[in-house]
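Descriptive structure summary
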Amino acid sequence: MSVDARFRSAFAQCPLVAILRGVRPDEVEGVGEALAEAGFTLIEVPLNSPDPFDSIGRLARQLEGTAMVGAGTVTDPAEVAKVRDVGGELIVSPNTDVSVIAGTVNAGLISMPGYFTPSEAFAAARAGAHALKLFPAEAASPKVLKAQRAVLPPTLPVLVVGGVTPEGMDPWRAAGAAGFGIGSALYAPGVTPAEIRERATRFVAAASAEGAS
């Protein structure tokens, strides 16, 4: 199965991306196990975390066949190859940088850049992005997303990232959000795997309920 097909399958199974900002290599496997047990199939380790490539490699090996793993906060095309070399498959950015997007696509990985304006969204789509993340969502609204979705390619998923809670998903989904990125509400340094599993289970249940409505 191609990486594109595996991404579509993983996203259909659970349209949530776990953002593990600050995770350490010595804890990442316990965190990954908790997320996988709760049903997460997409996980990113931001590159401003401690030893991120070590963590990405550990997770990719641990969760092979269960979840797709990659990097967040990717702002330099040179970082794409490093992620690929340790087994990562997802490249998530906070911004729209067409050189990062094109480099990701050329490397055979999944590109999920951040955007905030229609101009950024269309630039990312033209560069080959597989999905977009509306970021920071705290500075937007479901009304803004609805207006953007009216003109964006209908098959291009948009994930909402920033300030998402299980209870707050419904207005975004009604506006056209296909999924969500979950950060500090799911993981923060010092949170135990048991608590992460509990939080993750709530998010997965909320996403499943939305999808069934």
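Read on for a plain summary of the structure. (Residues numbered from 1 in each chain as written. Predicted model: local features only at pLDDT ≥ 70, side-chain atom pairs only at ≥ 80, totals over all residues. Heavy atoms only, no water.)

Before going further, it helps to spend a moment on the overall build of the protein chain. Along the protein chain, the regular secondary structure elements total 9 helices and 9 strands. Relative to the globule expectation of 17 Å for 213 residues, the C-alpha radius of gyration of the protein chain, 16 Å, shows essentially globular dimensions. Dimensions of the protein chain along its principal axes, counting C-alpha atoms only, are 45 × 35 × 30 Å. Expressed as a percentage of its 213 residues, the buried residues of the protein chain come to 50%. In the protein chain, once contacts between residues fewer than 6 apart in sequence are set aside, the share between residues at least 24 apart is 61%. Of the roughly 9000 Å² that the protein chain leaves accessible, carbon and sulfur atoms contribute 54%. (Helix = DSSP H or I, 4+ residues; strand = E, 2+ residues; numbered from the N terminus. Rg over C-alpha atoms; globule rule 2.2 N^0.38 Å. Buried < 20%, exposed > 50% of the residue type's maximum accessible area, 1.4 Å probe, protein only. Contact = heavy atoms within 4.5 Å. Areas by Shrake-Rupley, 256 points an atom, 1.4 Å probe, with all protein chains shown as cover.)

For the structure on display, the rule yields 1 aromatic pair. Lying over the aromatic face of Phe135, Lys133 brings its terminal NZ or CZ to 4.8 Å of the ring centre. (Phe/Tyr/Trp six-rings, centres within 6.5 Å; stacked < 30°, edge-to-face > 60°. Lys NZ or Arg CZ within 6 Å of the ring centre and 35° of its normal.)

This next bit is on the sheet that holds strand β2 (residues 42-46). Spatial ordering of the open sheet is given by β5-β4-β3-β2-β1-β9-β8-β7-β6, a layout of 9 strands whose pairing is parallel. This sheet does not close on itself; its edge strands, each paired only once, are β5 (110-112) and β6 (114-115). As paired strands, strand β3 (residues 68-72) and strand β4 (residues 90-92) are joined by 2 bridges and run parallel to one another. Paired with Ala71 across the strands is Ile91, a residue of β4. In the packing of helix α3 (residues 52-62) onto the sheet, the strands contacted are β2 and β3, and the crossing angle to β2 comes to about 160°. Strands in contact with helix α7 (residues 142-149) are β6, β7 (132-134) and β8 (158-161); relative to β8, the strand with the most contacts, it is inclined by about 160°. (Pairing = 2+ DSSP bridges. Axes fitted to C-alpha atoms, helices over the stretch in contact; angles between N-to-C directions.)

Any link to function would need more than the numbers given here.
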